[in-house]
Amino acid sequence: MNEIISEIENITASFLKDARSQLDKGNKAAGLRARRASLNLEPLLKRFRKVSLEAANSK
């Protein structure tokens, strides 16, 4: 689960950096990168949810 959390943190940091760059500077390429990062987060969050539920149910 630590690996999933680490990946989520990295992608979220990248997303925030690019989203702010688009917002503050009007950088269109940064907006594209932010949208891609948001798409990459979805499966990771679903996997985290699954692993988290398994860990909670095994106790």
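Quick caveat: nothing in here was measured; it's all calculated off a predicted structure.

Procedures and definitions
Counting restarts for each chain: residues are numbered from 1 in the order of the written sequence. A pLDDT threshold of at least 70 governs which residues receive local features in this predicted model, and a stricter bar of 80 or more applies before side-chain atom pairs are shown or counted, although totals over entire chains, interfaces and linings include all residues. Hydrogens and waters are ignored; side-chain quantities use all the structure's heavy atoms. Salt bridges are counted wherever a side-chain nitrogen of Lys or Arg sits within 4 Å of a carboxyl oxygen of Asp or Glu. Each helix corresponds to a stretch of at least 4 residues labelled H or I by DSSP, and each strand to a stretch of at least 2 residues labelled E; elements are numbered beginning at the N terminus. Only protein chains enter the accessibility calculation, which uses a 1.4 Å probe; a residue whose area is less than 20% of its type maximum is buried, one above 50% is exposed, and one in between is partly exposed. A fitted line through C-alpha atoms represents every axis, and for helices the fit uses only the stretch in contact; the resulting angles, taken between N-to-C directions, go from 0 to 180 degrees. When describing relative orientation, an angle under 35 degrees is termed roughly parallel and one over 145 degrees roughly antiparallel, while 65 to 115 degrees is termed roughly perpendicular and anything else oblique. If you view the pair so one helix is near and one far, a crossing is left-handed when the near helix is turned anticlockwise from the far one by less than a right angle, and right-handed when it is turned clockwise. Residues are grouped as follows: Ala, Val, Leu, Ile, Met, Phe, Trp, Tyr, Cys and Pro are nonpolar; Asp, Glu, Lys and Arg are charged; all remaining types, including Gly, are polar.

**Topic: the pattern of salt bridges**
Opposite charge on two side chains makes pairing possible when the charged atoms of those side chains draw close.
Next up, step 1: The tally for this structure, following the rule as stated, stands at three salt bridges.
Next up, step 2: Across the pair Arg 47 and Glu 7 runs a salt bridge, and its minimum N-O distance is 3.6 Å. Of this pair, Arg 47 sits in helix 2 (residues 28-57) while Glu 7 sits in helix 1 (residues 2-25), and the two are 40 residues apart along the sequence.
Next up, step 3: The class of Glu 7 is partly exposed, set by a relative accessible area of 31%.
Next up, step 4: Note that Lys 46 and Glu 42 form a salt bridge whose closest N and O atoms lie 3.6 Å from each other. Note that Lys 46 and Glu 42 are positioned in helix 2 at a spacing of four residues, about one turn of the helix.

**Brief notes about the packing of helix 1 against helix 2**
Next up, step 1: The geometry of helix 1 relative to helix 2 is characterised by a closest axis approach of 8 Å and an angle of 155 degrees between their N-to-C directions. Between helix 1 and helix 2, the interaxial angle falls into the category roughly antiparallel. Read as a crossing pair, helix 1 and helix 2 show a hand that is left-handed.
Next up, step 2: When the residues that make up the contact of helix 1 with helix 2 are grouped by side-chain class, the tally is 14 nonpolar, six polar and five charged.

**A look at the environment of Asn 10**
Next up, step 1: Relative to the assigned elements, Asn 10 resides in helix 1.
Next up, step 2: Distance from Asn 10 to Ser 38, taken between C-alpha atoms, is 12 Å for residues 28 residues apart in sequence.

Purely spatial values, then, with no claim about function.
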